[in-house]
Amino acid sequence: MEKRIYPIVGMHCASCKTLIEKMVSKVEGVKSVNVNFATEKMTVEFDENTTNIQRIKEAVSKAGNYKLIDNNEGDTVLASPPEAKKMEGSNNMNHDGGHHDHSTMLKNEEYQRLSRKVKLVGIMTIPFLGIMVWMILKNIGLVSASHAPLGFIEFESFNYRLNLFFFIQFLLATPILFWGGSQFYKSAWSAIKARAANMDTLIVLGTTTAWIFSTLVTFAPQLFENLEADVFFEATAFITFFILLGRLLEARAKGQANDAIKKLLELQAKEATVLRNGKEIKIPIEEVVRGDIIIVRPGEKIPIDGVIVKGASTIDESMITGESIPVTKREGDVVIGATINKTSSFQFKATKIGSETMLSQIIKMVEEAQGTTAPIQKLADRVSSVFVPIVIVIALSAFLFWLLIAPNIGLIDDATNALQLATYIATTILIIACPCALGLATPTAVIVGVGKSAQNGILIKNAEALELANKIDVVVFDKTGTLTNGKPKVTDFYLMENIENTNLFEKYLNGEKSIDNYKKFVMKIAGAIEYNSEHPISNAIEDEARKYASFSDIEIKNFKNIEGKGVYGEFNNLKIVIGNEKLMNDYNVMKCAELAKTKENLKNNGKTIVSIAIDRKEVGIFAVQDDIKPDSKKAVEGLKKMGIKVIMLTGDNIKTAKAIASELGIDEVIAEVLPGEKLSKIKELQNEVKGSIVAMVGDGINDAPALVTADIGIAMGNGTDIAIESADIVIVKGTLDKVIETIKLSKMTLGVIKQNLFWAFGYNVVSIPIAAGLLYLPFNLLLSPIIASAAMAFSSISVVMNSLRLKSLNEKDKTVSGFVFYVSILIFVILTISITLIINPTNNLNSHSNDEIHYHAGFQIYVDNELLDLSSSKYMHLSPCSDDEDNHDLTNPSERIHLHNNVGNVAHIHAENVTWKELFFSLGIDRYLLENEQSHYSSSLGWDSDVLNKVVEPYGSVIFTFGEISDRNKLEQNLVSKEVIEKAEKDIENCGL
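Residues numbered from 1 in each chain as written. Predicted model: local features only at pLDDT ≥ 70, side-chain atom pairs only at ≥ 80, totals over all residues. Heavy atoms only, no water.

Engineer: What am I meant to see in the overall build of the chain here?
Structural biologist: Summing up its helical and strand segments, the chain has 34 helices and 34 strands in all. Evaluated residue by residue, the chain yields a buried proportion of 56% over its 993 residues. Of the accessible surface of the chain, which amounts to about 43,100 Å², a share of 53% is contributed by carbon and sulfur atoms. (Helix = DSSP H or I, 4+ residues; strand = E, 2+ residues; numbered from the N terminus. Buried < 20%, exposed > 50% of the residue type's maximum accessible area, 1.4 Å probe, protein only. Areas by Shrake-Rupley, 256 points an atom, 1.4 Å probe, with all protein chains shown as cover.)

In structure tokens, the structure reads:
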């Protein structure tokens with residue numbers, strides 16, 4: 001099975017993740033696939049004998065407008081910086097800091113295209129901003145309402161009028177939607193072809209529905225009968241703009257969240273000064289080979305990993321280990337690539353190159369960890385996978401409810417345009433719903449958390465470990481190399497008394513039976529055997545033996561390393577056993593009674609006892625002591641303060657273990673445990689309290705099984721490779737304070753994840769019902785699609801920005817920071833409600849509003865001093881309770897006129913943006929104007945100019961007379977008052993008209 005990570009270009013929502021996973025999982029031979037929306041990378045495990053990357057690429061392309069970038073296209077997935085540059089050279093493409101990244105180049109190009117489009121669309125929406133301001137001023141009563149402020153384009157031969165105001169909006173909004181939003185349509189079409197739906201499906205349905213409705217209102221208003229419909233062109237334009245702007249800001253924020261790897265890559269040196277043929281030459285680091293001698297001067301970066309062979313210096317390793325204090329390095333010490341030489345020049349031998357270097361391994365671990373999914377995200381992923389279809393069903397259901405059901409059960413009155421209301425609500429639902437916030441909630445926090453931990457010298461291999469770390473109940477520490485420095489020293493060596501009386505190996509002493517010669521020979525034998533072992537205690541005995549004699553001339557046969565106990569070997573006819581008491585018992589060694597008391601005293605002082613036996617007789621003992629790390633005690637105290645139980649688990653003898661535990665403040669010790677038994681001890685601790693989280697901290701080969709078995713394995717970075725490979729978390733420097741830091745970072749990260757999920761779920765749970773009209777009936781309040789689009793964009797951006805806080809967040813300000821987050825969300829909600837109240841769209845939904853949409857006027861028309869009877873007009877209600885509305889044929893200007901009845905011999909009308917001349921034209925009484933050359937008028941408003949060209953004013957009253965006027969004053973006394981009109985309206989409302 002192959003497991004690889006590939007960048008995906010073209011992702012823009014959580015639905016994309018689900019769609020790609022669905023298509024790739026169908027490929028034969030693919031075992032598992034996980035797409036990380038935040039990092040825009042796919043981790044896929046597949047059988048290379050069954051399928052190949054080309055088939056996987058094709059599956060990704062079938063899912064939509066997405067592209068998988070593999071090595072053949074120039075990308076270096078998990079490649080080291082030097083290897084990346086080699087690939088860059090062969091592909092003739094750019095790289096960043098020595099690291100070639102084709103996917104980043106494509107994403108940058110996509111980002112620049114999006115940026116240009118956002119700017120152009122933003123400019124194109126400026127006229128709609130003016131319209132928005134006008135709408136706000138109109139709704140708060142600062143400007144007079146007008147349905148057609150720019151008038152009409154007349155087509156008299158067809159008896160057709162085109163609202164110029166609507167027509168201009170159509171011309172402005174159409175290119176914004178279909179050019180500015182072209183990527184939405186492409187993506188939605190790709191999803192349809194894949195028999196799926198994504199976020200762009202919602203956007204396309206919402207914006208296109210609003211555009212179609214508005215276009216019909218503009219060009220075919222007769223379709224809406226007597227309903228005074230408005231247009232949503234401004235909503236279409238602003239929705240497109242806000243969503244594009246949101247994606248631009250989201251892409252930028254995600255880039256900031258994922259800059260940990262970029263910063264790590266920038267650490268890599270580009271050149272190295274090497275000694276070849278006695279000369280210093282500078283070469284690119286990708287040309288360095290293992291074994292090269294490299295010269296590093298003060299202030300320079302160490303190019304790659306190696307061992308110092310000449311000189312000494314202090315080195316700043318903070319960029320790798322997170323430790324700010326420079327470290328002194330001498331001959332034989334290991335140096336790490338990308339760290340900085342501070343004080344003196346030195347030479348070192350290259351031991352690791354390319355992907356073997358620590359920096360490359362760190363980059364690999366960070367990249368893999370950022371691509372994993374935390375358990376807490378699983379619910380969000382399940383919701384995201386069905387989110388779009390559910391929202392479409394909700395939008396369709398809401399549309400049908402408000403169009404067909406609400407009017408019939410009396411939830412909305414006849415004066416409300418039900419079709420416009422239903423369209424408005426469905427559009428808002430489709431626009432405001434946002435699965436992206438759900439998809440980003442956990443991954444962005446994980447990306448930042450893993451990146452921050454890497455910068456602090458903590459390598460977290462997977463998101464599950466990052467999430468679990470804050471729940472740790474028990475921390476189990478190995479002793480040697482973990483709580484102690486891992487470099488034990490021989491502090492004491494004792495031979496048995498009267499050893500000169502033994503005949504075990506006198507033939508090797510050349511006749512000199514002095515104590516010193518016996519001691520020298522035993523040390524020589526011990527050093528020769530221990531030379532074959534890599535155990536820290538073996539190394540300590542070997543180092544001590546070198547002080548007495550060289551043992552390179554001794555050939556050891558049948559060497560055995562008995563795990564957890566010691567070593568065995570043969571020299572000539574001598575059988576030598578070196579190890580602990582268990583090993584002595586296994587080989588039936590005869591104990592030396594003289595050494596028993598000495599052993600006891602040494603154990604009580606916290607020293608480890610190692611016996612040496614020759615031919616089954618104990619001849620001496622080594623007392624070995626490993627210094628406790630300076631930070632161990634503080635780390636134990638810190639963990640206990642956090643309520644975490646601390647246990648020492650060691651193969652050392654119980655007395656030595658207890659002595660060290662007592663010094664560190666560890667209450668529970670499990671000692672004399674073999675490596676294989678460590679695993680079972682971890683299981684026992686896990687079973688003691690069901691559901692408890694047990695962490696194991698170790699560094700050696702013998703800790704590997706326990707590290708794997710524990711809920712969280714934490715390895716010291718200075719330990720063995722197998723321990724590091726087995727662990728979930730690696731402490732690069734090997735200092736225990738990082739264990740506490742890991743737990744705190746996990747708590748902060750999980751806190752941010754919970755905040756993100758709370759907002760992401762809460763946003764959709766609350767916003768969708770509100771968009772569906774939840775507040776319409778009790779408060780006559782609707783959410784504007786424009787606000788919905790801004791809210792949708794904000795929901796995604798807020799999640800990413802909240803995750804970015806982890807970069808600077810610490811334990812002290814965690815509570816305050818959480819408070820700030822929730823206050824910010826509250827401010828956003830209050831601001832949204834405030835704006836909604838100001839531009840409440842319900843004002844535009846009533847076709848016969850009594851206050852804001854229509855104007856009211858009374859008028860009298862006299863022909864030759866006789867009051868004209870308009871009761872036969874099809875626009876006239878015959879009485880206050882007439883239901884003759886079915887006879888209305890309100891087209892052209894008459895569509896905006898609602899003539900009720902005669903009140904006190906005065907015709908009462910509702911009209912919007914209509915002149916008196918247009919009113920007469922629609923009533924069919926314009927002939928009187930044509931037949932009579934002279935007409936007179938009088939008005940309660942005191943007009944001084946030709947009243948025929950005046951727009952009907954609120955509660956205006958006018959008398960028109962044609963022919964001779966005998967008593968003008970008498971006519972003026974019959975003017976209708978505002979109170980009379982209001983009473984008449986009330987009478988009509990009471991009739992249900």
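Engineer: In this structure, what is going on with helix H23 (residues 654-664)? I would like to understand it.
Structural biologist: Since the α-helix turns once every 3.6 residues, residues separated by three or four places project in the same direction. Among the residues of H23, those classed as buried are Thr656, Ala657, Ile660, Ala661 and Leu664. Relative to the axis of H23, the buried residues are bounded by an arc of 130° and lie together on one face. Structural note: H23 exposes Ser662 and Glu663 on the side pointing more than 90 degrees away from its buried face. The inward-facing, buried residues of H23 contact helix H17 (479-483), helix H21 (593-604), strand E22 (608-614), helix H22 (632-641), strand E24 (645-649) and strand E25 (668-670). Looking at the residues trailing H23, positive phi occurs at glycine 665, about 85°. (Arc of directions from axis to C-beta. Contact = heavy atoms within 4.5 Å.)

Engineer: Which parts of the structure should I look at to understand the pairing of strand E7 (residues 271-276)?
Structural biologist: Every other side chain in a regular strand lies on the same face of the sheet, so the side chains alternate between the two faces. Bridge count for E7 against strand E8 (residues 279-284) is six bridges, and the pairing is antiparallel. Across the sheet, the residue bridging to threonine 273 is lysine 282, located in E8. In sequence, E7 turns back onto E8 through a hairpin of two residues, with asparagine 277 there showing a positive phi of about 55°. In this structure, E7 lies alongside strand E9 (residues 293-296), joined through three bridges in antiparallel fashion. Paired with leucine 275 across the strands is isoleucine 293, a residue of E9. (Pairing = 2+ DSSP bridges.)

Engineer: Please clarify how the environment of alanine 433 should be interpreted in this entry.
Structural biologist: Relative to the elements of secondary structure, alanine 433 occurs in the loop between helix H14 (418-432) and helix H15 (436-455). In the structure, alanine 433 is positioned 330 residues away from tyrosine 763 in sequence and 8.6 Å away in space, judged by C-alpha atoms. Look past the residues within four positions of alanine 433 in its chain and what remains in contact with it is Met199, Leu202, Phe387, Val391, Asn764, Ile768 and Met792.

Engineer: Before we go on, may I ask you to explain the nonpolar core in this structure?
Structural biologist: Across soluble globular proteins, nonpolar side chains have a tendency to be buried as a group. In this structure, Ile20, Val24 and Met42 are the most contacted members of the largest nonpolar core, which totals 181 residues. Ranked by residues supplied to this core, first place goes to helix H27 (residues 737-771) with 13 residues. What isoleucine 20 contacts, discounting residues up to four positions off in sequence, is Ile8, Met11, Val35, Met42, Val60, Ala63 and Tyr66. One finds Ile529, Phe571, Leu574 and Ile612 within the second-largest nonpolar core, a separate group that totals 39 residues. (Core = buried A, V, L, I, M, F, W, Y, C linked by side-chain atoms within 4.5 Å.)

None of the figures reported here should be taken as evidence of function without further support.
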